[in-house]
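# A closer look at the structure
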Amino acid sequence: QPVRGPTSFAKDSSPRVHNYDEQILLCRTFKPMAAAFFTKPVIDVSWLQALCNPAVTSYGMYCQFLSWYLGKQLLEQVESVHGKYDLVMRSRADILPQSELLLPAPLAATVYVPAIEGHTDRPFDVHSYCNDQFALGNRDVMGRYLELHLHYTALKAEMKHFDLPERLLRFYLLQHVGCGFSTFPLRYVFQR
């Protein structure tokens, strides 16, 4: 759970663009049943910094997985009114697809991720990493995918060292969700 604390706690040093016009455009484009945006909490992630590669912004990694969990809570609220979805897709808000999104058919009990990393245009090493920028899958599998944040304590004991968010995600999917992941073709670039 997020903990409020003094401003001396870790903060994300990466640049952020608070472009509300872009967020409104995304909502108009995708026409979701509901949308929500949250401000990152002030939280002490010093315990996580010791487990991460120094090149990783551990605060940003923590907030990434927290936002997934908050997204799942929003999904459940919408489903309580409109019924359960068959397919769930999560994506970074700044992804611009460069190819058509061809859904794998039929959707097996796995998480589907692009094989190519958007900002480097190189394939992910699926034996080491899982693309954390875009994912889709059936509702049950994606529901568990979005819960990574709840498993930090167990992951801390099991993995010992989180290294990179893509490596942590791969470990979580294989060891906790038990479904692994499959790649599919989708070319995309980041808009910022």
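Going by the structure above, here's the rest.
Now for a description of the structure that goes with this document. (Residues numbered from 1 in each chain as written. Predicted model: local features only at pLDDT ≥ 70, side-chain atom pairs only at ≥ 80, totals over all residues. Heavy atoms only, no water.)

Here we take up the overall build of the chain. The number of helices and strands found in the chain is six helices and eight strands. Reading the helices (α) and strands (β) of the chain from amino to carboxyl end gives α-α-α-β-β-β-β-β-β-α-α-α-β-β. For the chain, with 192 residues in total, the buried portion stands at 42%. Counting only contacts in the chain whose residues sit at least 6 apart along the sequence, the fraction spanning at least 24 positions is 75%. (Helix = DSSP H or I, 4+ residues; strand = E, 2+ residues; numbered from the N terminus. Buried < 20%, exposed > 50% of the residue type's maximum accessible area, 1.4 Å probe, protein only. Contact = heavy atoms within 4.5 Å.)

It is worth spelling out the pattern of salt bridges at this point. Here the structure, examined in full by the defined rule, presents six salt bridges. Between Arg-122 and Glu-117 there is a salt bridge; the shortest N-O distance is 3.3 Å. In this structure, a network of salt bridges that share partners links the residues Lys-72, Glu-76 and Glu-147. (Salt bridge = Lys/Arg side-chain N within 4 Å of Asp/Glu carboxyl O.)

Before going further, it helps to examine the packing of aromatic side chains. One pass over the structure, following the stated rule, counts seven aromatic pairs. An angle of 55° between the planes, with centres 6.3 Å apart, marks the rings of Phe-134 and Phe-184 as tilted. Of this pair, Phe-134 sits in strand E6 (residues 134–138) while Phe-184 sits in strand E7 (residues 181–184), placing them 50 residues apart in sequence. Through pairs of rings, three or more aromatic residues link up here, namely Trp-47, Tyr-62, Phe-65, Trp-68, Tyr-145, Tyr-152 and Phe-162. (Phe/Tyr/Trp six-rings, centres within 6.5 Å; stacked < 30°, edge-to-face > 60°.)

Attention now goes to helix H3 (residues 58–82). Taking 1.5 Å of rise per residue, 25 residues should cover 36 Å, and H3 covers 36 Å from first to last C-alpha, within 8% of that figure. Following H3 by one or two positions, Gly-83 has its phi on the positive side, about 95°. (Expected span 1.5 Å × (residues − 1).)

Residues spaced three or four apart along an α-helix point in a common direction, a consequence of the helix completing one turn every 3.6 residues. Among all positions of helix H5 (residues 152–159), only Tyr-152, Leu-155 and Met-159 are buried. Seen along its axis, H5 keeps its buried residues to an arc of 60°; they face one direction. Summarising the geometry of H5, the exposed residues directed more than 90 degrees from the buried face are Thr-153 and Ala-157. Tucked into the core, H5 has its buried residues touching helix H2 (46–49), H3 and helix H6 (165–177). In the stretch just after H5, Lys-160 is the one whose phi turns positive, near 70°. (Arc of directions from axis to C-beta.)

Positionally, Glu-166 belongs in helix H6. The charged side chain of Glu-166 is buried without a salt bridge, its nearest counter-charge being Arg-122 at 7.5 Å. Leave out the neighbours within four places in its chain, and Glu-166 touches Glu-117, Phe-124, Tyr-129, Cys-130 and Asp-132. (Lys, Arg positive; Asp, Glu negative; His and termini not counted.)

Moving on to the pairing of strand E1 (residues 87–91). Residues of E1 alternate between two faces, with Val-88 and Arg-90 buried on one and Leu-87, Met-89 and Ser-91 left unburied on the opposite face. Direction of pairing for E1 relative to E6: antiparallel, over a ladder of five bridges. Within E6, the position partnered with Val-88 by the bridge is Gly-137. (Pairing = 2+ DSSP bridges.)

In terms of nonpolar packing, the biggest core is built from 35 residues, with Met-61, Val-111, Tyr-145, Tyr-152, Phe-162, Leu-168 and Leu-173 touching the most fellow members. Listed by contribution, the elements that provide at least two residues to this core are H3, strand E3 (111–114), helix H4 (139–145), H5 and H6. With eight residues, H3 is the largest single contributor of residues to this core. If sequence neighbours within four positions are ignored, Val-111 has contacts with Ala-135, Leu-136, Val-141, Met-142, Tyr-145, Leu-173, Cys-179, Gly-180, Phe-181 and Ser-182. Ranked by size, the runner-up nonpolar core spans eight residues in total, among them Leu-136, Phe-184, Tyr-188 and Phe-190. (Core = buried A, V, L, I, M, F, W, Y, C linked by side-chain atoms within 4.5 Å.)

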